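# Structure assessment
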Amino acid sequence: MDTDLAPTATGFAAPAGSPILVADIGGTNARFGLIDGRQVRDTRVLRCADYASIDDAATAYLSAVGLAAPGTPGRPRRGAFAVAGPVTGDHVAMTNLVWEFSTGRVRDALGLDRLAVINDFTAVALSVPRLAEEDRRQIGDGTPQPGAVVAVLGPGSGLGVSGLVPGAAGRWTALSGEGGHVTMAPVSDRESAVLGQLRKRFEHVSAERVLSGPGIVNLYEALSILDGREPAALDPARIADAALAGGDPHCVEAVEMFCAMLGTVAGNLALTLGARGGVYIAGGVVPKLGTFFTHSRFRKRFTEKGRMRDFLAPVPTYVVTHELPAFLGLAEAAGAD
């Protein structure tokens with residue numbers, strides 16, 4: 001699949017003569033591609049569990065596209081990777097994957113001159129100014145304030161959180177943090193009971209414990225136990241499918257609670273950042289919920305902040321529907337060095 005990259009205020013210029021190797025690496029899958037001019041091409045998805053290290057996966061990708069051998073014409077000389085975990089220096093340990101690596105060692109192992117490694121949701125945040133109207137779906141009312149802060153969060157294997165802060169000359173700075181690990185707060189008695197049940201299993205019940213693929217399973221199991229029912233061994237996809245089909249009531253309630261809790265956390269983030277430019281929901285879970293999410297309590301809970309309701313009501317919320325938003329952000333990371 002080839003994806004055109006839209007121009008931005010900051011611009012993007014690939015180094016002459018060779019593409020840039022890009023990767024979006026989550027807890028389950030690693031997506032690789034090549035940025036060539038203003039296109040992403042030769043994309044591949046590899047299962048992280050099939051490879052011992054990040055450089056093994058990258059080498060397998062380069063082999064698949066015929067660019068593994070040193071000196072091969074068109075072999076990448078620069079790279080930009082987005083990873084699901086904090087990036088605070090040369091050593092990177094991923095949050096939901098056993099991979100740990102040195103950026104410098106991976107750069108050398110792959111024969112690259114430069115390698116930028118950033119948090120995955122930093123990359124997603126950087127993609128927001130590049131999204132076209134067809135790359136997002138608005139949920140509820142609201143109009144973005146031009147040049148205002150943007151909030152980004154997204155449930156996948158974990159819960160990624162970031163923000164986009166405007167600067168001089170049309171430039172943006174993406175925030176790199178671990179907001180997915182804030183403590184999850186209940187809004188209703190039922191949510192209090194669910195979180196109480198989860199505290200029997202986890203030392204800390206973070207937002208990620210409920211707002212992620214594994215989090216949907218945690219919600220389903222906790223709800224089943226609270227109602228005296230033995231939970232079935234279901235994965236997130238089967239729970240979501242049952243909810244969308246209106247089947248198992250605990251699957252339906254789990255996904256409904258997931259959407260509502262996501263609204264609570266999204267509203268908290270918008271208040272914290274002053275995100276008048278909008279809140280963007282990315283990640284692999286929400287886009288698959290389709291109209292279920294649109295008609296859920298997400299938007300209602302987003303604005304349910306008492307005295308701050310009038311502050312949040314004009315803030316738009318969007319679901320990112322672009323297949324590879326992190327690649328759009330990695331174009332900036334690769335071109336900004």
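Presented here is an overview of the structure given in this document. (Residues numbered from 1 in each chain as written. Predicted model: local features only at pLDDT ≥ 70, side-chain atom pairs only at ≥ 80, totals over all residues. Heavy atoms only, no water.)

Tallied over the full model, the rule gives five aromatic pairs. For the pair F32 and F81, a centre-to-centre distance of 6.3 Å together with 90° between the ring planes defines the contact as edge-to-face. In this pair, F32 sits in strand β3 (residues 29-36) while F81 sits in strand β5 (residues 78-83), placing the two residues 49 residues apart along the sequence. What makes F32 buried here is its relative accessible area of 0%. (Phe/Tyr/Trp six-rings, centres within 6.5 Å; stacked < 30°, edge-to-face > 60°. Helix = DSSP H or I, 4+ residues; strand = E, 2+ residues; numbered from the N terminus. Buried < 20%, exposed > 50% of the residue type's maximum accessible area, 1.4 Å probe, protein only.)

Right, let's talk about the pattern of salt bridges for a bit. Under the defined criterion, the tally for this structure stands at 13 salt bridges. The partner of D55 in a salt bridge is R105, with the nearest N and O atoms 3.2 Å apart. In this pair, D55 sits in helix α1 (residues 54-64) while R105 sits in helix α2 (residues 103-109), placing the two residues 50 residues apart along the sequence. Take R105: its relative accessible area is 41%, and that puts it in the partly exposed class. R107 is the partner of D108 in a salt bridge, and the nearest nitrogen-oxygen pair spans 3.2 Å. It is possible to trace a salt-bridge network through shared partners that takes in D36, R41 and D42. (Salt bridge = Lys/Arg side-chain N within 4 Å of Asp/Glu carboxyl O.)

Now for the layout of surface pockets. Of the pockets and cavities examined, the largest pocket occupies roughly 1,100 Å³. Every residue lining the largest pocket is counted, 50 residues in all, and those nearest its centre are G156, S157, G283, G284 and V285. Classifying every residue of the lining of the largest pocket gives 20 nonpolar, 22 polar and eight charged. Space inside the second largest pocket adds up to approximately 230 Å³. Every residue lining the second largest pocket is counted, 13 residues in all, and those nearest its centre are N96, S157, E208, R209 and P214. Here the residues of the lining of the second largest pocket are counted per class, giving two nonpolar, nine polar and two charged. (1 Å grid on protein atoms, 1.4 Å probe; cavity = no way out; pocket = protein on both sides within 12 Å on 5 of 7 lines; lining within 4 Å. Points joined across faces, edges and corners; volume = space filled by probe spheres on them. Nonpolar A, V, L, I, M, F, W, Y, C, P; charged D, E, K, R; others polar.)

This paragraph deals with helix α4 (residues 189-199). Those residues of α4 that fall on the buried side of the exposure criterion are E191, V194, L195, Q197 and L198. Buried residues in α4, looked at end-on, bunch into an arc of 155°, giving them a common side. What points out from α4, more than 90 degrees from its buried face, is the exposed set D189 and R199. Contacts made by the buried residues of α4 are with α5 (213-226), α7 (249-273) and α9 (298-303). (Arc of directions from axis to C-beta. Contact = heavy atoms within 4.5 Å.)

Taken together, six strands build an open sheet; the order of strands is β9-β14-β13-β10-β11-β12 and the sheet is mixed. Two strands lie at the open edges of the sheet, namely β9 (136-139) and β12 (172-174), each paired on one side alone. Taken pair by pair, the neighbouring strands of this sheet meet at an average axis angle of 25°, ignoring direction. Of the pairings in the sheet, the one linking strand β11 (residues 159-166) to β12 comprises three bridges and is antiparallel in character. Bridge pairing in β12 links P166 to W172. Against the sheet, helix α3 (residues 120-127) contacts β10 (150-155), β11 and β12, and its axis sits at roughly 45° relative to β11. In this fold α7 packs onto β10, β11 and β13 (279-281), with an angle of close to 155° to the strand it touches most, β10. (Pairing = 2+ DSSP bridges. Axes fitted to C-alpha atoms, helices over the stretch in contact; angles between N-to-C directions.)

Interaxial distance between helix α6 (residues 236-244) and α7 falls to 8 Å at its minimum, and their mutual angle equals 100°. For the element pair α6 / α7, the angle class is roughly perpendicular. For the pair formed by α6 and α7, the contact residues are I239, A240, A242 and A243 on the first element and C251, V252, A254 and V255 on the second. (Parallel < 35°, antiparallel > 145°, perpendicular 65-115°, else oblique.)

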